[in-house]
Amino acid sequence: MTTPPRFKVDCIVGARPNFVKIAPVMRALAARPGLVPRLIHTGQHYDFVMNAVFFEELGIPAPDINLEVGSGTNTQQTARIMLALEPVFLASRPDLLIVVGDVNSTLAATLVASKLLIPVAHVEAGLRSRDRTMPEEVNRLATDCLSDLLFVTERSAIDNLTKENIDPARITFVGNVMIDTLHACLARAIAPARTFGEIGAAEGFVKAADAKGFGFVTLHRPSNVDDPVKLGALLGALAEISKRLPLVFPAHPRTRGMIAAAGLDALLDGADIVTAPPLSYLRALGLMRAARLVVTDSGGIQEETTALGVPCLTVRENTERPATIDEGTNTLIGTDPAALLAGVDEILTRGGKAGRIPHLWDGRAAERIADAVEAFLRRA
Ligand code: UD1
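This is a predicted model, so every value here is computed, not measured.

J.: Would you mind going over the overall build of the protein chain in detail, with residue names and values included?
T.: Summing up its helical and strand segments, the protein chain has 17 helices and 13 strands in all. Relative to the globule expectation of 21 Å for 380 residues, the C-alpha radius of gyration of the protein chain, 21 Å, shows essentially globular dimensions. Projected onto its principal axes, the C-alpha coordinates of the protein chain cover approximately 70 × 40 × 40 Å. Within the protein chain, the fraction of its 380 residues that count as buried is 57%.

J.: Requested: an account of the packing of helix α7 (residues 177-185) against helix α14 (residues 299-308), with residues and values cited.
T.: With their axes 10 Å apart at the nearest point, α7 and α14 run at an angle of 50° to one another. Judged by the angle between their axes, α7 and α14 are oblique. Of the two possible hands of crossing, α7 and α14 adopt the one that is right-handed. Across the interface between the two elements, Met-178, Ile-179 and Leu-182 from α7 touch Gly-300, Glu-303, Glu-304, Ala-307 and Leu-308 from α14. Here the contact of α7 with α14 is built from residues that sort into five nonpolar, one polar and two charged.

J.: Any chance you could break down the site of the ligand for me, citing the residues and the numbers?
T.: Surrounding the ligand, one finds 20 residues, the nearest of these being His-45, Asp-47, Glu-136, His-220 and His-252. Contributions of two or more residues to the shell around the ligand are made by α1 (16-30), α3 (74-91), α5 (135-146) and α12 (253-261). Tallied by class, residues from the shell around the ligand come to seven nonpolar, eight polar and five charged. A domain split of the shell around the ligand shows at least three residues from each of domain 1 (7-175 + 361-379) and domain 2 (188-350).

J.: Could you give an account of the environment of Leu-141, naming the residues involved and the relevant values?
T.: Structurally, the position occupied by Leu-141 is in helix α5. Sequence-wise, Leu-141 and Thr-110 are 31 residues apart; in three dimensions their C-alpha atoms are separated by 12 Å.

J.: Summarise the pattern of salt bridges; cite the residues concerned and give the values.
T.: In this structure the tally under the stated criterion is 27 salt bridges. Close ionic contact of Asp-144 with Arg-128 constitutes a salt bridge, the shortest N to O distance being 2.9 Å. Of the two residues, Asp-144 is situated in helix α5 and Arg-128 in the loop between β5 (120-123) and α5; the sequence distance between them amounts to 16 residues. The salt bridge partner of Glu-374 is Arg-378, with a shortest N-O separation of 3.6 Å. With Glu-374 and Arg-378 both in helix α17 (residues 365-379) and four residues apart, this pair spans about one turn of that helix. Each of Lys-21, Asp-102, Glu-124, Glu-137, Arg-140, Glu-303, Arg-316, Glu-320 and Arg-321 takes part in one network of salt bridges that share partners.

J.: Hey, could you go over the nonpolar core for me, with residue numbers and the actual values?
T.: By size, the foremost hydrophobic cluster in this structure holds 47 residues, and its most contacted members are Ile-22, Ile-98, Phe-151, Tyr-281 and Val-373. Both of domain 1 (7-175 + 361-379) and domain 2 (188-350) provide at least three residues apiece to this core. In this view, Phe-151 contacts Ala-121, His-122, Val-123, Glu-124, Ala-125, Thr-172, Val-174, Ile-369, Ala-372 and Val-373; residues no more than four positions away in its chain are not counted. Counting 25 residues, the second-largest nonpolar core is a separate cluster that includes Val-225, Leu-235, Leu-247 and Ile-259.

J.: Tell me about the domain arrangement of the protein chain, and please be specific about residues and values.
T.: Many structure descriptions define interface size as the accessible area lost when the parts assemble. What the domain assignment reports for the protein chain is domain 1 (7-175 + 361-379) and domain 2 (188-350). A separation of 28 Å is found between the C-alpha centroids of domain 1 and domain 2. In this assembly, 22 residues from domain 1 lie in contact with 21 residues from domain 2. Taken together, both faces of the contact between domain 1 and domain 2 bury some 1800 Å²; the carbon and sulfur share is 56%. Contact with domain 2 buries surface across domain 1, with Glu-57, Glu-154 and Trp-361 losing the most and accounting together for 32% of the total. In this structure, the connection of domain 1 to domain 2 is made through five salt bridges. Between Arg-321 and Glu-124 there is a salt bridge, and its shortest N-O distance comes to 3.3 Å. Scanning the region where domain 1 abuts domain 2 turns up 10 residue pairs in polar contact (both at pLDDT 80 or more). Of all the secondary structure elements, the ones that give two or more residues to the side of domain 1 that touches domain 2 are α1, α2 (52-58) and α5. A per-element tally of the side of domain 1 that touches domain 2 places α2 first, with four residues. Among the residues forming the side of domain 1 that touches domain 2, the class breakdown is nine nonpolar, three polar and 10 charged.

J.: Describe helix α13 (residues 281-290), and please don't skip the residues or the numbers.
T.: Of all 10 residues that make up α13, eight are buried, and the element is covered over most of its length. Within α13 the residues assigned to the buried category are Tyr-281, Leu-282, Arg-283, Ala-284, Leu-285, Gly-286, Leu-287 and Met-288.

J.: How would you summarise the pairing of strand β8 (residues 215-218) if you had to cite specific residues and measurements?
T.: Of the two faces of β8, both are covered, the one formed by Gly-215 and Val-217 as well as the one formed by Phe-216 and Thr-218. Here β8 runs beside strand β9 (residues 247-250); their pairing, made up of two bridges, is parallel. Looking at the pairing, Phe-216 lines up with Val-248 of β9.

About the thresholds
Residues numbered from 1 in each chain as written. Predicted model: local features only at pLDDT ≥ 70, side-chain atom pairs only at ≥ 80, totals over all residues. Heavy atoms only, no water. Helix = DSSP H or I, 4+ residues; strand = E, 2+ residues; numbered from the N terminus. Rg over C-alpha atoms; globule rule 2.2 N^0.38 Å. Buried < 20%, exposed > 50% of the residue type's maximum accessible area, 1.4 Å probe, protein only. Axes fitted to C-alpha atoms, helices over the stretch in contact; angles between N-to-C directions. Parallel < 35°, antiparallel > 145°, perpendicular 65-115°, else oblique. Left-handed = near helix turned anticlockwise from the far one by under 90°. Contact = heavy atoms within 4.5 Å. Nonpolar A, V, L, I, M, F, W, Y, C, P; charged D, E, K, R; others polar. Near = heavy atom within 4 Å. Domains from an automatic or database assignment. Salt bridge = Lys/Arg side-chain N within 4 Å of Asp/Glu carboxyl O. Core = buried A, V, L, I, M, F, W, Y, C linked by side-chain atoms within 4.5 Å. Buried area = accessible area lost by both parts, 1.4 Å probe. Polar contact = N/O pair within 3.5 Å; in protein donor to acceptor, adjacent residues only side chain to side chain. Pairing = 2+ DSSP bridges.

Structure follows, in structure tokens:
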């Protein structure tokens, strides 16, 4: 009797949002006897709070290989990942590479695999902000163009890929792996009271949050935080909002660094705002679920708030995730502080958008991906 072939599938992760996406994919691949998954970490994110805590909470297996490339400019990061990854593929060639999302690690790995003629599957393909000042938009365009399998989360992605003349046979609507993770973790989400205690929230803040509820804030995009004038204006708006609604603001290292470098800490003095280091997934999920509103520039949080039914104000001029606006609870408010204040007022006085759950955001996207991957490898 001949044993059926087993296919080697490499998965790449590098940055925080990748970890949330890869967890259910690794689980679904590992459950298939015909597939042998291997996890390669580029090392783009390396701090415990940006990295290891996600592996622990989400049950992601320890990476088989860590390229340890660390921080740098977009080009430095991309180039270092390429140089470190090529020998890995040359030593042990996978039958397929899976990349997720839109970070520099996603594009760098796709380029290396493509040049070695290793097929690539892109999870979260087809999203477009049409804003090439975002490094992520360049990463998305190039990754999709080179990928053999394009797994999409929403209908807009199919339209975008079709307009770019991508063969529809390469595209599969699978749903959203980030929402798979959310479903898998909701029962374990950490209560806000515990997180408030851990991050040293003052008694007055906790009492005010009990009485009035609270808002959850994240800001880390270069377009919002790298210019001290813009960042100062946004922090001023947050201080104003906190007079009506206490805010919890876990800050990405980039944001924290910019606030310190520009001497903007004073803008938050006396405001009902608790700042914190980046929070673990289960802590952030617990806060988001309980929040009256969320203010963010993150891609993933726009989707998570839609899945949770919590109103979200996105501090950007565009979004690559229009389903969160057309169907979900998200509102794009731009980067004008006055618009942010108006958006908050609308939610606090009228409750904000109710929204509905987008098609196939049902917790089973990774299973669909594993099905499609197996079918592709058997055909190849
Ligand atoms: C990256 C992604 C972005 C994603 C974000 C989530 C790209 C182009 N951007 O942006 O899409 O939304 O991750 O977090 O890939 N730093 C640390 N510790 C870490 C990692 C970073 O202190 O573990 C600091 C470093 O000073 C670094 C800066 O944060 O220079 C930015 O990190 P980087 O990986 O370049 O991009 P992110 O802003 O995290």
